[in-house]
Structures are given as C-alpha cells and as structure tokens.
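Close look at the chain arrangement
Here's the letter readout for the chains.
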Amino acid sequence: MTMWIAATALLSHWRRRPLQLGALLSGLALATALWSGVQAINAEARASYARAAAVLDQNGLAHLVSPNGRAIPQSAFVWLRRAGWKVSPVLEGEYRFGTTRLRVIGIDPLTMPAETQTVDLGNDEDLLSFITPPGTLVVSPETAEKIRGQTGLALRVSDRMLDGAAFIDIGLAQRLLRRDGELSRIVIAENQRPGLEPLGKLVPTLSVREPNAQTDVEHLTESLHLNLTAFGFLAFAVGLLIVYSTIGLAFEQRRPTFRTLRCLGVSLRRLAVLLLAELALFAVAAGAVGVAIGYLVASLLLPGVAATLEGLYGASVPGTLSLRPEWWVSGFAIALAGTLVSSAQSLMRLMRVPLLAAAQPQAWGRSSEKGRRLQVLAAAALLAFSGALLLWADGLQAGFGALGCLLLGAALLLPAVLSGFLTLMQRMSSRALVTWFWADARQQLPGLSLALMALLLALAANVGVGTMVSSFRLTFVGWLDQRLAAELYVAARNEGEADRLRAWLATKVESVLPISSVDAEIRGQPMQIFGVVDDPTYRKHWPLIVGMPNVWDRVASGEGVLVNEQFWRRERLRIGDRLDLASEWKATVVGVYSDYGNPKGQVMAGINALITHYPHVSRLRYGLRVPPDQVADLRSNLSDEFGLPAENILDQAALKEQSRRIFDRTFLVTGALNIFTLGVAALAMFSSLLTLSEMRLPQLAPVWATGVTRRDLALIELLRTLVLWLATFIAALPLGLALAWVLLAVVNVEAFGWRLPMYIFPYEWVRLGLVALAAAVVSVFIPLRRLAGLAPSELLKVFANER
Amino acid sequence: MSVRSIAIAFAVTTMASLSASQAAYQGFAGLGSAAEGFSVPQPGRPFRFPADHGPHPDFRIEWWYLTANLEAPDGTHYGAQWTLFRSALAPREATGWSSPQLWMGHAAVTTSEDHFVAERISRGGVGQAGVVAEPFSAWIDDWQMKGRATPGADQLAELSLTATADEFGYELRLSATGPLVPQGDKGYSLKSAKGQASYYYSQPFYAVSGSLSLPTGDIAVTGKAWLDREWSSQPLAEDQTGWDWFSLHLDTGEKLMGFRLRDEGEGFTSATWITADGRPDALPAGALKIVPVRTANVAGRQIPVSWNIQIPSRGFDVTTQPLNEQAWMSTSIPYWEGPIAFKGTVGGRGYLEMTGY
C-alpha cells in the first residue's frame, strides 16, 4: 500500500468531522495568536526601549553625572578634554515648540563618540547647519509633522529618531533652555589611551555612571511585560487544552483505521510518521492563521500599550507594529511545539497498543480513580508551593510563580471538587431520572474536565484582574481627590513671568502652592525632589500612609522630608532614616505618602530648604487655592493679564479627568486580553461538548428507549451543561479573589511599589457570569441541535450494533 | 554623522588649499573661493608681535605648523609633525558654542618603517582648542604648543610641544637660534599669478631635544625644527589643484623654503633663501625649479617621493629622498607629509608636504 493511500485514509477522518477539525485548527490558531500577539507587543516595546537607549542615552557608554543633580559646568568638559580624556558634552531638557513639548538633547557632534552616533546628521553642509546658528532640529517624521511651522529652526527628519525628542546642537540647547555654560552629563568614550589621570582626581565632584545592561525604562516596564506575557501564556495554555482534547479524541476515534492500516501492512513507524506529518501540517496551517491573527491582535492592542507605557513610564513606543521575522518564526515554532506537546500522549499510546487490540474506542479521556488521585495530589502540591512562594519568596518572578501555581493547582483540583459535588447530589436525589442526571453528569465529567478547567482559569483570571483593576481605580480616584486639592494649576512660561505671577496672585487667591521639583540621584536612583510650602492644604489633604507626629512642621522646618510609597518600599526605609539629598543636605524621613502612577521615587521637602540647596530649581508651576465659584473668573483674569495660553492653566476637574484617562488606558489591554481568554475558554467548552455529543449515543440510547423524548434529552443535556458551568463559575470566584489578592498585595508591590486595599465588586461578577453563561449556551447549542434532530434509527443502531 | 564628515566639511569650506582633489574642490567652489566678508591679505602690512602669533578670526584659515627632523643617539632618523589648523565659518569670534571657529590638530611621527598619524577636531569658544598670543599657547585637547619665553621676549623663541595619541606621542623642547623670518614680500606671500596670497612667516631655527614615545618604547631625540605661521582667506586660485612644499635645513646653516602650486599649466613657484643669520631673500617667481625624480604607490595613488630641486641663480641643485615614502597623512583631508634628506651641491635634511594628489 502506498504512503499516499494510507495518508488519504487517515485524513478522511477529518473530512467526516469538519467541526472537530475546525475546533482543532481554531484552538491552535487562537492559542498561537494570543501568544504571538503578546510577544509582538513585547518585542516592539523592547525594541523601542533599546532604540531609545541607543539614540538618546548613548547607551553602552559610561557617563559622568553630578551626584546631587546639579548642572555640570562646561569647564569640566574642557578640563577633561585638555587632560586627554575623550569625552563629549550633553545637555538635555524639555522645551516647548509652539504647543509641542520636546525632549531636546544638545550634543556636540565633533566630540560625540562615533559608536553613539546612531542618527545620521546628514552630509557636510547639513552638519555645518547643525552647529551654526540658527541651527537644526533632528526629529522623527511624526515629530516633524507636529512642529512644522512652530519653529524657525531647520528640521531634519531621521527615521531613527524617537518621537517627542530632538537632537540639537549643544550651544543651541544652552540657549533654548537658558542654561548657558551648563551640561547635564558628559559621555565617556570607550577607548581611552592609557596613562590618563584618573577621573576621580580630575573631577572629584562628578561621579561615573556605568552603562546599564538594562535601561531605566526597561526596568520600570518589566512588570507590565511580564504581566502581558503571563496573560499570553494563560491564553496559550487554554488553547492547548483544546488541542490536547481534540487530538486525543481524533486518535481514539481512528483506532479502527489504525488497526486496519496496520493489518494491511503499514508499519508502525510509517504510521507514526504519517500522523506526525498530519499534525505538522495542521500546526503550520493553524500557526500561519494564528500569527496573522496575532498580528491583528497586537496591532489593535499596541496603541493601548503604547499609551500605557507613555502615561505610566514616560516610555515612547510607536503605536504601529513592524513585522519582525523572528516573531514569525517564533509564532510557527510555538504552534508546532504546542501541537507536539498536546499530541505526545496520544502518539505514545499509539506506539504501545498491540497490533490486534480491540479497536473499540474507550470512553475518551476517562481517567482512572488512580489518575484522579494523582491529580489531586499534584494540585495540593502546587497550591502548597504557591503558598510557600507567597510566604517566603521575594520579587516579581516569585509573585507570578505563585500566581501560576495557584491557578494550575486550582484547575487540577477542579474535577475532584466537581465530582464530589455531583456524587453528593446523586446521593441526595431519589427519582430515577434525577439520579441518572447526576450520575450521567459525573460520567461525562472526565471528558469535560479539560474544558471546565479552561473555563475556570478564564473566569478566575477575569474575576481576579477585574477586582484588581477596580480596587485600584477606586483607590486611585479617592487618592486623586485628596492629592489634587488646589482648584487651579497654572504654569508660567519663564522665570520672569513666574515672579510677576507670584506678586499678582498674592492678593487674589487664598494661597499659592508652588510646584517646584529638581531631578536628583538619591541612593543611586533617579529621583525627584519636590518643594512644598507650609499650607493647610497639605496638612488637611495630603494622603499620608505613615508619619511622625507634627510631620508637616518638620517638613516646613527643612529637617524632615516625606518620601513616596514606592521609594519607601523599594529602599525598605524606616521613619527616622537619613537621606542625602544634596552634597550638604541630609534630612530625616518623617512620613510616607501614596503616589500612584509614578514610576520614580520622590521626596517632598520644604520649599525653602529645596531652594537653598538647589538654587536653580525651576519655579514655574503653581497650584492655586480659591473658592470654587471664583475659579472661572480667576482663569480668565490670568489669561487676560498674562496672556497665558489655555494649556498653561488647568483646573482641578480637567487634571483629574486627564489622570483618570491615563489610568483607564493603562488597563485597557488587560481587559482586552481577559475577553480573549474567555473566548478561548468558550471555544474549549464548545469543542469538548461537541466531541462528547458524538460519543454519548450509547449512554443516551437506553434513556431514550425508556421513553424520554429527544427534545427532553436535549433539555437535560442543556441543564447539565449549565449546572457544570455554574459549579465552575462558583469555584472560580474564590480563586479569582485569591488571584486578586496576590496581584494587589504581592505583584503590584513588586511591580509598581504600592500596595492597594482590596475591594469586592459583586456586580461585576454578575456581569461576567452573564457573559460566561452566554458563552456556555452558545457552545452547547450546536451539539444540542444535533441531538434533538438525531434520527431514531441512529439511536436504535446502538442496540443493534455493539461495534 | 561622523567626525570624519565634519572634518571634511571643515576642509571643504575653508581649507581649499589642502583640498584633496580637484573634484571636491570644484564641488564646493562657492564655499572655498569667495572671501564672503573675510579679510583679504594686503601687501605692506607689517607683522605685529606678539599679537600675530595669535589667531586672526577675520581670516578664513590659519595654521601653526611645526615639523622637526630628529635623530636618536644611535643615529636613527625620525620626523615629527605638530599642526593646529583654524578654520572660520564666519569672520568673527564669540565665546561659547556659538563661536564660528573650528580647530583641527594633526600630529605625526615618521620612522623609516612606520608613519603614525593622529587627528583632533574641536569647536572654538569653549576652551577645548585655541591659541593665545601671550603668554603663547596653542592647544587642542591635550596637545599643546606652549611658549616658555619670559613676557616681552619673542613668544615663539622657547616652546614646549606635546602630542599624545593611542599609538604614539612626543614631548619636545624647542629653542630658537635665529630670528623670525617673513616669507614673500615682508610676509605677504603670493600664491598665484592672479593675486591670491597669504600672510606668512616662519621660525626655521629651532634646536630640538626631547623624547618620542613609540610602540617599541621611548626614544630620546635631538634635531632641528621649523615653524610656519600662515593665514589667509582665499589661498588658492580656482585652477590650482595642490602643492609641493619644501622646508630645507642646509648643512651650511642656511634654510630654504620653496613651493610649487600646481595648475593646468606651468604651475606657480615661490621660494625664500634664508641666510644662516636669518636674513630672507625672496627669490623671483620662476627662480625655483622642481622636477619629480621617482614616484611611488602611496595609499593607492602615484605620488612623487623623490625630487630634483634647482635654483640656478644660487647654484643650488639637490635631489631629495624621503625617510619613509609611505608618509601618508590618513587624516580627514589626506596628504603626504614627511621628513626628507637631500644631496647634491649641498646636503641636509628637511620636510616635504604634497597635497592634491
């Protein structure tokens, strides 16, 4: 017999069961899609961090920085050059061109080490126009579009440039930023000749910051990417459950075919090769579809992720996806690997079965009592391990590890729990049909358990993440109300205007709260130090987590400072610890405040102390306390008097709205992934019910023979599905809450640095329950219709033909 | 963007005199030839020292160019070069990064086997590179030519000179044994029949001692050095493609500076005969005759490395040989610059510079 005929015989199975084929392919495609979609988003974001680091931060090179955050005098650069060091100056800052704020990076192209010159500044004449007045801005195409016509400077567009940033000449940067003779950092080229005087001797006030293997942004965003990966993996695992069950069924159903083929002389090896080839074919086909859908998913989600990253971490990620070959390859690889893993058990069984073993399909997937006990043991071990991780391990990975073990353990436990429940119900019922209903449900359980496990995971993830996001939102909104106490926020355009503004405001408002901050490095971390005035607003509203008595007096006097929660947790600070804030400024930590949505550590100090130690601190922004009914008047007076553009005056409501919008965008992706996961679970349910309905004739035929109509049989089937679904849903609630707790109390603390109270939202559960119910009903619909329309002869055949 | 391209920009805008090829020159002729608000050398302007040792920002280009013929105690010959070029994008000076002055340094050490080259580029105005007339100091990064003379004395009479690069370096002390020598017509040096000219004076009488740092180790050296100071705004005529330039220390104690600017015709030659006590005799145009004797393949080009130099009116007829015929300056603007020895009616050593090949 030729290979070809054998292959045709094997494949004919799928022709007879297109729905099964559909379930297999769509399960595989969906699993691949979610996995590769998430990978694509991660890859895009990581690539853009790497690009940002390479382009903007002269990544890979050490820098000289001022440890207290003060500007570096330009003379330090000249001094180092004249001592033979190959160094190059950089001055960075924010500058507004029209209405667009750009991060301007002033460089000296003549001394910038060649290895960092990733952006092409053009030919010789472009270069000359870069360094000579009026100067050139090197920007990305998008940024160029935004600021065209807003500046008299020449624009040079470079694809390698990042959005929102511009390279300009160092001299121009000093002029625009009004920082004549100042530098932010000094880049140290890689190859220095031997025998130079050490930097520590030449510039003792500066410190060397070694190149980081991981950029700040990468570090900050790690949690988000881990989060996405975890979701992608969850969806992938759920998808593989479908593949596993479908392949298992297809193998069982084809046993007669296998036997026949073997009897006709097809060797076991050849049969295995054929089956493998068949699986590989499916994997490649479904993988291609999956990668394509994944691309679609990623391009739909990426703008949201980009917005999140921008809002939460200030990381610039393009909203469009580029096709990366490594991503295609990994998509196919994961589809193939997933297929092989899911079919390994079936293939092994095929290899072991004796040639002439009975070709009768065993009730597929029916696990023995021993197997179930093993499963329970594994579940207990996983849950215990999860608990141990939560108790004794630290770090984000441990947090996610605990989550994974918790979910997997609970899923493994589910069949045993459901079986116990059904046994109990069976014992409690007395009517024959009812007893049969429960007993039959229990008999069906092994076949459905994989789908139910998938459903449990999807529901629990929804409940858990939903609870986390909602708790976060509630806390965040309450916190915003406290934090944004001033009625109006105003920003002057320069220091002169700020002086006039302060004088003018003195008589017009209840109090003026300066919002002044400097960037500094504290305990080796990039930090912000905020200066605050002594004002009842803070005493009344500022959200403190812990604090010494008289905390605000201590802050006002300059001896004490407040730190934000993330810095407090990260550094394991205690009240009373001392911090070095500047070269001659040590202060005591007197309190901790919550500061959601801020990736950086922050310190709040008395404004006078801040100005003493950082005389150059910008004093452009102010919060204004006015009676609410005067806000509109003050606003129009401000713009009349100072000609301030609208975007320089924000009222509380607008600011809150803006913050909420950022917040909501942040969890848009999570919500979308939740829905996808639920969809995959519904598909799993559907494919399992479908397979079961085909195998259940021997069980249903006797019941039909006793007089139960096909319609009633179908109703009973529906009822049974709903009971199982409801039981799973109820089981998912505590699991979801446990998940939420781990997210709030462990993962968030590690990832963001803040711990949130947990709130319960039963209304959301009802909504989720309804969505899941709809999914269950849809998934049971086709099998039921088939049952209801079954020809009586088919049922009779069960008795006539024992197969 | 690369340092290289800015150096090329540097070269093309202003250093037309050193431009490597006719094509490049013509391509940027608009930038290279017109004076564009820059001052133009005029005959009859006397030098004012020490001010003229310093920069002249209203002229487009300027250099401080030192070449030294050196000898180790074992009789091995070496050459050393230290050059600081100034190039102005606009005829003014300003402090800070807005200064339109660009600076470029070249340093080289030549042995019979090797030719080490290094280059530095910097912007003016911030102190990374510059020249101060008194007390004299010319520097770019850690390379420096520093006057050691007392105030009031000739600031170029005593110099210390340092340059260090990855592979090589040197520290030399220079003492002038003769006066500064104006070239051309009292310092007004014609560069073409069409009137292109520069201000040009030299200090050809340095006695040198110091040490070279080479990959093989440090070597103590002594010898003779020659400093050229020159500034202009349009040093070449449009049809001139490059030059061959000689500075010769004759065994008699006399010195000879001679050059030929090449064009499509005969070329333009000029020479100054300097007596042992430093009196210049500017020879009339055409008095100097130079003819290539032998060419060699250097950096993919045919370059005359041996020359016959004749000044019939002085009975001078010598043939030069390079210490190392591969003395190629692989800098942003590449050119040949290296020590030579000559024999004939008189012997001696000197330096040869050839551009535009």
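Note that this is a predicted model, so its numbers are computed, not measured.

**Overview of the overall build of chain B**
Broken down by element type, chain B carries three helices and 23 strands. Taken over 357 residues, chain B has a buried fraction of 59%. For chain B, the computed accessible surface area is about 12,400 Å², with 52% contributed by carbon and sulfur atoms.

**Describing empty space enclosed by the protein**
Residues and elements named next belong to chain B. Tallied over the entire structure, the rule returns six cavities of 30 Å³ or more. A volume near 160 Å³ is recorded for the largest cavity. In terms of lining residues, the largest cavity is bounded by 14 residues, among which Tyr65, Asp228, Trp245, Glu337 and Glu353 are the most central. Elements represented by at least two residues in the lining of the largest cavity include exactly strand 1 (61-71), strand 13 (217-232), strand 14 (242-250) and strand 23 (348-354). For the lining of the largest cavity, the leading source of residues is strand 1, giving four residues. Of the residues assigned to the lining of the largest cavity, the class counts are eight nonpolar, two polar and four charged.

**Things to note about helix 15 (residues 495-505) of chain A**
Residues and elements named next belong to chain A. Among the residues of helix 15, those classed as buried are Glu497, Ala498, Leu501, Trp504 and Leu505. Each buried residue of helix 15 lies within a common arc of 130° when the element is viewed along its axis, so the set occupies one face. Contact partners of the buried residues in helix 15: strand 11 (488-491), strand 12 (511-522), strand 19 (621-625) and helix 20 (631-642).

**Some words on a nonpolar patch on the surface**
Together, Leu19, Phe781 and Ile782 of chain A line one region of the surface with nonpolar side chains, adding up to about 250 Å² of accessible area. In this fold, Phe781 of chain A is placed in helix 25 (residues 762-788).

**So, the side chain of His613 of chain A**
With respect to the helices and strands, His613 of chain A occurs in helix 19 (residues 607-613). With sequence-adjacent residues up to four places away left out, His613 of chain A is seen in contact with Arg70, Ala582, Glu584 and Trp585 of chain A.

**Points about the side chain of Asn462 of chain A**
Residue and element names in this part refer to chain A. Along the polypeptide, Asn462 turns up in helix 14 (residues 432-483). From its side chain, Asn462 meets the backbone oxygen of Ala458 in a polar contact 2.9 Å long. The residues contacting Asn462, other than those within four sequence positions of it, are Asn674, Leu678 and Leu768.

**Comments concerning the packing of aromatic side chains**
Evaluated as defined, the whole model comprises 30 aromatic pairs over all chains. Where Trp542 of chain A meets Tyr593 of chain A, the ring centres are 5.6 Å apart and the plane angle is 65°; that geometry is what we call edge-to-face. Taken together, the positions of Trp542 of chain A in the loop between helix 16 (536-541) and strand 14 (544-547) and Tyr593 of chain A in strand 17 (residues 585-593) put the pair 51 residues apart, joining distant regions of the chain. Taken together, Trp63, Tyr65, Phe85, Tyr200, Trp243, Trp245 and Phe259 of chain B form an aromatic cluster joined through their ring pairs. The cationic tip of Arg45 of chain B hangs over the ring face of Tyr199 of chain B; the distance from NZ or CZ to the ring centre is 5.0 Å.

**Describing the packing of helix 13 (residues 396-428) of chain A against helix 24 (residues 710-751) of chain A**
All names here are of chain A. Closest axis-to-axis distance for the helix 13/helix 24 pair is 10 Å, and the angle between their directions is 165°. Comparing the axis directions of helix 13 and helix 24 gives the class roughly antiparallel. Crossing of helix 13 against helix 24: the hand is right-handed. A per-class count over the contact of helix 13 with helix 24 returns 22 nonpolar, two polar and one charged.

**Considering helix 14 of chain A**
All names here are of chain A. Over its 52 residues, helix 14 extends only 65 Å from the first C-alpha to the last, a length that falls short of the 76 Å expected when each residue adds 1.5 Å. Maximum bend of helix 14: about 65°, positioned at Leu448. Where burial is concerned, most of helix 14 is hidden: 39 out of the 52 residues are buried.

**Some thoughts on unusual backbone geometry**
In the segment running from Phe49 of chain B into Pro50 of chain B, the intervening peptide bond is cis, with an omega of 5°. Within the secondary structure, Pro50 of chain B is located in the loop between helix 3 (29-33) and strand 1. Residues Glu134 of chain B and Pro135 of chain B are joined by a peptide bond in cis, for which omega reads -10°. Relative to the elements of secondary structure, Pro135 of chain B occurs in the loop between strand 5 (129-132) and strand 6 (137-140). At Arg178 of chain A, a residue that is not glycine, the phi angle is positive and equals roughly 55°. Inspection of the secondary structure puts Arg178 of chain A in the loop between helix 6 (170-176) and strand 8 (182-183). Although it is not a glycine, Ala299 of chain B adopts a positive phi angle of roughly 50°. Its location among the elements puts Ala299 of chain B in the loop between strand 18 (289-298) and strand 19 (301-311).

**Brief notes about the pattern of salt bridges**
In the structure shown here, the tally under the stated rule is 30 salt bridges over all chains. Here Arg193 of chain A makes a salt bridge to Asp142 of chain B, at a shortest N to O gap of 2.4 Å. In this pair, Arg193 of chain A sits in the loop between strand 9 (185-188) and helix 7 (199-202) while Asp142 of chain B sits in the loop between strand 6 and strand 7 (143-147), so the two residues belong to two different chains. Look at Asp142 of chain B and you get buried, because its relative accessible area is 12%. Here Asp281 of chain B ties to Arg314 of chain B by a salt bridge, and the two come within 2.3 Å at their closest N and O atoms.

**A closer look at the nonpolar core**
With 123 residues, the main nonpolar core has Leu452, Leu459, Trp552, Leu562, Met604 and Leu713 of chain A as its most contacted residues. Of the residues forming this core, the biggest block, 26 residues, is contributed by helix 14 of chain A. When residues of this core are sorted by domain, at least three fall in each of domain 1 (1-57 + 220-362) and domain 3 (488-625) of chain A. For Leu562 of chain A, the contacting residues outside a window of four places in its chain are Leu544, Val551, Trp552, Val555, Val590, Gly591, Tyr593, Gln602, Val603 and Met604 of chain A. Counting residues in hydrophobic clusters, the runner-up holds 44 residues, among them Phe59, Ala68, Leu156 and Ala163 of chain B.

**Digging into the confidence of the model for chain A**
Mean pLDDT over chain A: 80, with 88% of residues reaching 70 or higher. Across residues 358-367 of chain A, where pLDDT falls below 50, the model places 22 contacts with residues more than four positions away in sequence or in other chains.

**What about the confidence of the model for chain B?**
Per-residue pLDDT for chain B has a mean of 88; in total, 90% of the residues score no lower than 70. This stretch, residues 1-34 of chain B, has a pLDDT under 50; its non-local contacts, to residues over four places away or in other chains, come to 93 contacts.

**Here's the deal with the environment of Met548 of chain A**
Residue and element names in this part refer to chain A. Residue position: Met548 is located in the loop between strand 14 and helix 17 (551-557). Along the sequence, Met548 and Val589 sit 41 residues apart, while their C-alpha atoms lie 9.1 Å from each other. Excluding residues within four positions of it along the chain, Met548 makes contact with Arg554, Ile575, Gly576, Val589 and Val590.

**Notes on a negative patch on the surface**
There is a patch of like negative charges on the surface, built from Glu142, Glu145, Asp159 and Asp163 of chain A. Accessibility expressed as a relative area gives 31% for Asp163 of chain A, which makes it partly exposed.

**Quick look at the pairing of strand 5 (residues 136-139) of chain A**
Within a regular strand, the side chains alternate between the two sheet faces. Residues and elements named next belong to chain A. Side-chain alternation along strand 5 places Thr136 and Val138 on one buried face and Leu137 and Val139 on a second face that is also buried. Pairing of strand 5 with strand 6 (residues 154-157), which is carried by four bridges, proceeds in the parallel orientation. Of the residues in strand 6, the one forming a bridge with Leu137 is Leu155. Assessed by its sense of winding, the connection that carries the chain from strand 5 through helix 5 (residues 141-147) to strand 6 is right-handed.

**A closer look at the pairing of strand 7 of chain B**
All names here are of chain B. When you tally the buried positions in strand 7, you get four out of five residues, the bulk of the element. Relative to strand 7, strand 6 runs antiparallel, the two sharing four bridges. Bridged to Ser137 within strand 7 is Lys146. Between strand 6 and strand 7, which pair antiparallel one after the other, the connecting turn spans two residues, and Asp141 there sits at a positive phi close to 50°. Here strand 7 runs beside strand 8 (residues 158-164); their pairing, made up of four bridges, is antiparallel. Considered in strand 8, the bridge of Met145 is made with Leu161.

**Looking at the environment of Lys255 of chain B**
Residues and elements named next belong to chain B. With respect to the helices, strands and loops of the structure, Lys255 is situated in strand 15 (residues 255-262). Linking Lys255 and Ala276, residues 21 residues apart in sequence, is a C-alpha distance of 7.1 Å. Filtering out sequence-adjacent residues up to four positions away, Lys255 remains in contact with Pro204, Phe205, Lys224, Trp226, Leu248, His249, Leu250, Thr272, Trp273 and Ile274.

**So, the packing of helix 15 of chain A against helix 20 of chain A**
Residue and element names in this part refer to chain A. Two numbers describe how helix 15 lies on helix 20: the axes approach to 12 Å, and their chain directions differ by 135°. In terms of orientation, helix 15 lies oblique with respect to helix 20. Crossing hand, helix 15 versus helix 20: right-handed. Of the residues in helix 20, those touching helix 15 at Glu497, Arg500, Leu501, Trp504 and Leu505 are Leu634, Asn637, Leu638, Glu641 and Phe642. Residue composition of the contact of helix 15 with helix 20, grouped by class: six nonpolar, one polar and three charged.

What counts and what doesn't
- Residues take numbers from 1 onward in each chain, read along the sequence in its written order.
- Ligands are numbered from 1 and chains lettered from A, in the order in which they are written.
- In keeping with the predicted nature of the model, local features appear solely for residues at pLDDT of at least 70, side-chain atom pairs appear and are counted solely at 80 or more, and the whole-chain, interface and lining totals rest on all residues.
- In computing side-chain properties, one takes all heavy atoms of the structure into account and sets aside hydrogens as well as water.
- Secondary structure elements are defined from DSSP: runs of H or I of at least 4 residues count as helices, runs of E of at least 2 residues count as strands, and each element is numbered from the N terminus.
- Burial classes: relative accessible area under 20% of the type maximum marks a residue as buried, over 50% as exposed, and values in between as partly exposed (1.4 Å probe, protein chains only).
- Using a 1.4 Å probe, the Shrake-Rupley method yields the accessible areas, and only the shown protein chains count as cover for residues.
- For cavity detection a 1 Å grid was placed over the protein atoms alone, and a set of points counts as a cavity when a 1.4 Å probe fits there but cannot get out; an open set counts as a pocket when protein lies on both sides within 12 Å along at least five of seven lines, with lining residues being those that have an atom within 4 Å of a point.
- Grid points are joined across faces, edges and corners, and a volume is the space filled by probe spheres set on the points.
- Lys, Arg, Asp and Glu make up the charged group, whereas Ala, Val, Leu, Ile, Met, Phe, Trp, Tyr, Cys and Pro make up the nonpolar group; the residues left over, Gly among them, are polar.
- Directions from the helix axis toward the C-beta atoms define the arc.
- What makes two residues a contact is simply this: any of their non-hydrogen atoms within 4.5 Å.
- Patch membership is restricted to residues that have no salt bridge and whose relative accessible area is over 30%. Joining uses 9 Å for like charges and 5 Å for the nonpolar side chains Val, Leu, Ile, Met, Phe, Trp and Tyr.
- The term salt bridge refers to a side-chain nitrogen of Lys or Arg lying within 4 Å of a carboxyl oxygen of Asp or Glu.
- Throughout this description, a polar contact denotes any pair of N or O atoms lying within 3.5 Å of each other; where both atoms belong to protein, one of them has to be capable of donating a hydrogen while the other can accept it, and for residues adjacent in sequence the pair is counted only when both atoms sit in side chains.
- Stacked, tilted and edge-to-face are the three classes assigned to paired rings of Phe, Tyr and Trp, where Trp is represented by its six-membered ring and a pair needs centres within 6.5 Å; plane angles under 30 degrees give stacked, over 60 edge-to-face, the rest tilted.
- Counting as a charge over the ring demands two things of the Lys NZ or Arg CZ atom: a distance within 6 Å of the ring centre and an angle within 35 degrees of the ring normal.
- To obtain an axis, a line is fitted to C-alpha atoms, over the contacting stretch when the element is a helix, and the angle between two such axes runs from 0 to 180 degrees between their N-to-C directions.
- Every angle not falling under 35 degrees, over 145, or within 65 to 115 is termed oblique; those three ranges are roughly parallel, roughly antiparallel and roughly perpendicular.
- For any helix crossing, the convention is left-handed if the near helix is rotated counterclockwise from the far helix by under a right angle, and right-handed if that rotation is clockwise.
- Multiplying 1.5 Å by the helix residue count minus one yields the expected span of that helix.
- One axis fitted to the seven residues ending at a residue, another fitted to the seven starting there: the angle between these axes is the bend at that residue.
- We define the nonpolar core as a collection of buried residues of types Ala, Val, Leu, Ile, Met, Phe, Trp, Tyr and Cys that are connected through side-chain atoms lying within 4.5 Å of one another.
- Residue ranges assigned to each domain were obtained from an automatic or database domain assignment.
- For every residue, the predictor states its confidence as a pLDDT score lying anywhere from 0 to 100.
- Positive: Lys, Arg. Negative: Asp, Glu. His and the chain ends are not part of the count.
- Where a charge sits is defined by one atom per residue type, namely NZ (Lys), CZ (Arg), CG (Asp) or CD (Glu).
- Only strands joined by at least two bridges in the DSSP assignment are considered to pair.
- Crossover handedness is defined by viewing with both strands directed away from the observer: a clockwise path from the first strand over the helix to the second marks the crossover as right-handed.

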